[in-house]
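Reading the structure
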Amino acid sequence: MLRLRAFRQTNGKIVKIQLHPTYPWLVTADNSDHVSVWNWEHRQVIYELKAGGVDERRLVGTKLEKLAEGETEFRGKPTEAIRGGSVKQVGFYDDDVRFWQHWQNRSAAAEAPSAASQQPSAFSSPIPSTRGRHFIIICCENKAIFLDLVTMRGRDVPKQELDNRSLLCMEFLSRSATGDGPLVAFGGSDGVIRVLSMITWKLVRRYTGGHKGSITCLMTFISSSGEVFLVSGASDGLLIIWSADHIHDSSELVPKLSLKAHDGGVVAVELSRVMGSAPQLITIGADKTLVIWDSISFRELRRIKPVPKLACHSVASWCHPRAPNLDILTCVKDSHIWAIERPTYSALTRPLCELSSLIPPQVLASNKKLRVYCMVAHPLQPHLVATGTNIGVILSELDARALPAVAALPTPPGGRQHSAVYTVERELKLLNFQLSNTTNPSLGSTGTISESGKSRMETEQLLVKQTKKHISTPAPHDSYSILSISCSGKYVAIVWPDIPSFYVYKASDWSVVDSGTGRLFAWDTCGDRYALAETSLPPRIPIIKGGSSKKAKEAAAAAAAASAASAATVQVRILLDDGTSHVMARSLDGRSDPVIGLHGGALLGVAYRTSRRISPMSATAYSTQSTPLSGFGNSGVMSSFAAADDPYSSNKPAVGAAPQNFQLYSWETYQPVSGLLSQPEWTAWDQTVEYCAFAYHQYIVISSLRPQFRYLGDVAIPFATSAVWHHRQLFVATPTTIECVFVDAGVAPIDLETKRKKEEMKAQEAQSRAFAEHGELALIAVDNPQVATSDRISLRPPMLQVVRLASFQHAPSIPPFITLPKQHKVDGEDTVLPKEMEEKKVNEVAVAGGGVSVAATRFPPEQKRPIGPLVVVGVRDGVLWLIDRYMCAHALSLSHPGIRCRCLAAYGDAVSAVKWATRLSREHHDDLAQFMLGMGYATEALHLPGISKRLEFDLAMQSNDLKRALQCLLTMSNSRDVGQETTAADITEILSLTAVKQENLVDAVQGIAKFAKEFLDLIDAADATGQADIAREALKRLASAGSVKGALQGQVLKGLALRLANHGELTRLSVRKQSFLQSQ
């Protein structure tokens, strides 16, 4: 089911493991208490230490630091010299960890029906508490180690400061009312929970009176009522609920509720988010059972034994669209990752993956069996699962391209409520969502500025109002499904590739208009027609007693041939106005190879299976398991995971050149219109049939379609999962980011040729009509003097600009040793003055005239990307809509002026883009003007008030505003007063430059010489458009500078002489000739 993403071989058994939510970091501890931090993306170890004993490197480093600070006498034994003992838990802590822990708890609580239907699309970020530092925290029996990965400085807190009790587990708590900063709770061997402040490094409170045994696990969660709880499990088998709100802090807290969970002790506790219901608690115990608890009534919902003969040591709540029925992952001491299907109903346990099939065979000795000792799922990317084994760390990846089973329906004109249809189990449901803000975010904010320096629109969250509605028409299957919408929005197609089966529904009454067997389906973006590759199920061959095996082999061969023939046939069907489907073509002209992929759009893309060789290393990176996730393993139909060329799976070789197995076909003629290309992972076509995007593993290729198919360029956006076009804007989702690509095809020679041909055709049509009405008299014409037109069309290269809108990472922070002010000691403790810190903050917003808030940054800070795989709905109501795996709609703001101006220019409204630019700081107007120039709006960009003179000149030349270009050139060259007396009759007065002051003469000549090329370009442009006055004014300045010996280069003087001759300035030409000869 899974493929290998990364592997690190170790000598010891990996018994503790944790993943960082935003960085590719993984911290592990082995059975010899060695802790290491590994960058799994770059395959590099960041840090290692011996936590169980005494790490000599840390001890020497601490002594050197004290010597550098002037401490020559060491008082007592340093804490680094204390043996840590057995490592019980490892983890990361920084602002990212804190934010996403809060986000996940709030999201799980918001699923409850009692919670409000209005919720912010991104929860407010807690106040940064670590100030740019990234802590790795190691909980040992004898001490807790806090190590900053930025400064590489650590702090050890011995158990003597925590009532001299062994530390067995830990959990991070929210900020308390007393301002103790980040809090970490430690479970002790005496059944008491002790809370330590990471600011004062002192014990702030205790949770007592609950457990009689040693505490083994801790976890915080938020209930549907908004109350924060701390859950603890211990060796006495009790599960105890504590209040963790800390509104009224006290040093001693007592339990709220105690539950008997397991016989023999609780091993781990996990929070599970449930769609449309309150969150659930999952516990595993030493009695080999897994128990699911309701978080409102705290009653037991289900108790199962996932693997009857073995006890679970790890559990993770899991939600992935490729496996919609699997909600829980667990591991025992064998070689599998186990998945539990519908834990509150059937609770079937099935092996998700055999890990020994992922790793290279040479790693595992012949007499050694792989054993899993710990497991964790990535908190933000559910397709990543890390396991610690007796041979090393295995990072597995399930299909990262699988998207939630949801498709957005078109919004009626003028409507504010948007809809999307999705499937859950065997039901079709409708998701209605809209913004509930009182003001439209697309209009921005022209109002007040808050005390913190941010505008009201910057601080206001986008509130989303959403409801879910049941559709009476049931879905025939509950496995992984893919939804798509027709061009008109009248029809919805659902494909179940694991079955395989497809249904086409009419969106008005949800009646079925077509159905069949097949896993490949693609819509035409220009009409309600679609292509499909039907799959013929192999017929059951009856067993005849006494029959020969020859007949059975012949029947099996015939069935295989029929299946292969059907796989090579692509049908095209159209939906008529009455809702019935009609077969337009039963097969496409072209290859007879089996079809493995269909891509819809203005052209139909077909991918064929080609024979290719796979290297042994790439072959070992993928699992050979073929059991379907949807529970149809006994249906006789092979799962889509089994084939290496399955279009819905990421199980493809990552090495070697991509085969040329993809071809584009016309929807009208069913003939190929392109040669063989590399098969893209997905395609996206603009609704106006102007642009298309082909996504590959590491980049996205963007092409224009009019007047002919033309490659524009590619953008380096790796691992993209989906994208949506919106008026020259391509919004792309990746597993970690949301990107926006602004696209313009520019002006190519083929565009000019096409325009010329169209004008000739129009002229011929007009001539034909005139001849038909008036006869030969209409052909009589008198040649008029040719007047040069001022309309010149210049070539413009294509433009691709990528802007990141959202990601998982917190806003970048500067490490504290750079930004922290000097600390003052008050009563023997170090404190930081908050007022001093506040004054050092850099405001994101400045104030322009009239009290309008002006963004001081080029682009807004990256917004928070929702967790998990996403479906990009598109831009509606001025925001970008996304839908996650839990069928929850999210809105990303596009109101920042740097984004808004670009969106308006891409939309075609350059005038509004210029108006919005008044909200953007003027130092960013040059950048915006360059963007508008690339989009073809040079004339409109001239109205930006903050552009530089150099750029203003280029824009004026591009837009043929030569008068303004001349004024910019005179200002840049400081030659406005040069040549003003050229209207006089005496040429000697012109050449003497008597009107120019002596102190400005040198600057003027140097300025003209510096911009000599620009003067020549301006003269040529003016001559080409018949603007003689402008050419003469520029020629005056250049000629005046040329009269100064050595001011201009020989090539420039030669060009000046030619232009003077063209204008009939013979007197100046003779002078220029003398200067030219002297310069030679």
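Residues numbered from 1 in each chain as written. Predicted model: local features only at pLDDT ≥ 70, side-chain atom pairs only at ≥ 80, totals over all residues. Heavy atoms only, no water.

Time to look at the nonpolar core. By size, the foremost hydrophobic cluster in this structure holds 77 residues, and its most contacted members are Ile738, Leu805, Leu880, Met932, Leu955, Leu1018 and Leu1038. Setting aside anything within four residues of it in sequence, one finds Leu955 in contact with Ala929, Leu933, Ala938, Ala941, Leu942 and Ile947. By size, the runner-up hydrophobic cluster in this structure holds 34 residues, among which are Val35, Val37, Leu49 and Ala144. (Core = buried A, V, L, I, M, F, W, Y, C linked by side-chain atoms within 4.5 Å. Buried < 20%, exposed > 50% of the residue type's maximum accessible area, 1.4 Å probe, protein only. Contact = heavy atoms within 4.5 Å.)

Turning to the environment of Ser107, a few remarks are in order. With respect to the helices, strands and loops of the structure, Ser107 is situated in helix H2 (residues 95-110). Along the chain, Ser107 and Ser224 lie 117 residues apart, while their C-alpha atoms are 9.7 Å from each other. A distance of 2.8 Å separates a polar atom in the side chain of Ser107 from the backbone oxygen of Trp103. (Helix = DSSP H or I, 4+ residues; strand = E, 2+ residues; numbered from the N terminus. Polar contact = N/O pair within 3.5 Å; in protein donor to acceptor, adjacent residues only side chain to side chain.)

Here we take up the confidence of the model for the protein chain. On average, the protein chain scores 80 in pLDDT, and the residues at 70 or more come to 77%. In the model, residues 438-459 has pLDDT below 50 throughout and makes 45 contacts with residues more than four positions away in sequence or in other chains. (pLDDT = per-residue confidence, 0-100.)

This part takes up unusual backbone geometry. Backbone torsion omega between Ile499 and Pro500 reads -5°, so that peptide bond is classified as cis. Secondary-structure assignment places Pro500 in the loop between strand E36 (491-496) and strand E37 (501-506). Of note, the bond from Arg706 into Pro707 is cis; its omega dihedral lies within 30 degrees of zero at 0°. The phi dihedral of His727 is positive, around 50°, even though this residue is not glycine. Inspection of the secondary structure puts His727 in the loop between strand E51 (722-725) and strand E52 (729-733).

Here the focus is helix H13 (residues 949-958). Taken as a whole, H13 has its buried residues at Leu951, Glu952, Phe953, Leu955, Ala956 and Met957. Those residues of H13 that are buried lie in contact with helix H11 (925-934), helix H12 (938-941), helix H14 (962-973) and helix H17 (1012-1024).

Read from one edge to the other, the open sheet built from four strands follows the order E47-E48-E49-E50, with strand pairing classed as antiparallel. Bordering the open sheet on either side are strand E47 (682-685) and strand E50 (710-715), each of which pairs with just one other strand. Each strand of the sheet is rotated relative to its neighbour by a mean of 20°, with strand direction disregarded. Bridge count for strand E49 (residues 700-704) against E50 is five bridges, and the pairing is antiparallel. The partner of Ile700 across the bridge, within E50, is Val715. (Pairing = 2+ DSSP bridges. Axes fitted to C-alpha atoms, helices over the stretch in contact; angles between N-to-C directions.)

With that settled, consider the pattern of salt bridges. Side chains that differ in sign of charge can pair as their charged atoms come close. Tallied over the full model, the rule gives 37 salt bridges. Here Arg5 makes a salt bridge to Glu397, at a shortest N to O gap of 3.1 Å. You can see Arg5 sitting in strand E1 (residues 3-9) and its partner Glu397 sitting in strand E30 (residues 392-397), a full 392 residues away along the chain. For the pair Arg5 and Glu397, one class covers both residues: buried. A salt bridge links Arg964 to Glu952, with the nearest nitrogen and oxygen atoms 2.5 Å apart. (Salt bridge = Lys/Arg side-chain N within 4 Å of Asp/Glu carboxyl O.)

Further remarks concern the packing of H17 against helix H18 (residues 1028-1042). It is at 8 Å that the axes of H17 and H18 come closest, and there the two elements cross at 155°. As judged from the angle between their axes, H17 and H18 are roughly antiparallel. H18 is crossed by H17, and the crossing has left-handed handedness. Across from Ala1012, Phe1015, Leu1016, Leu1018, Ile1019, Ala1022 and Asp1023 in H17, the residues of H18 making contact are Ile1030, Ala1031, Ala1034, Leu1035, Arg1037 and Leu1038. Class assignment of the residues belonging to the contact of H17 with H18 gives a composition of 11 nonpolar, no polar and two charged. (Parallel < 35°, antiparallel > 145°, perpendicular 65-115°, else oblique. Left-handed = near helix turned anticlockwise from the far one by under 90°. Nonpolar A, V, L, I, M, F, W, Y, C, P; charged D, E, K, R; others polar.)

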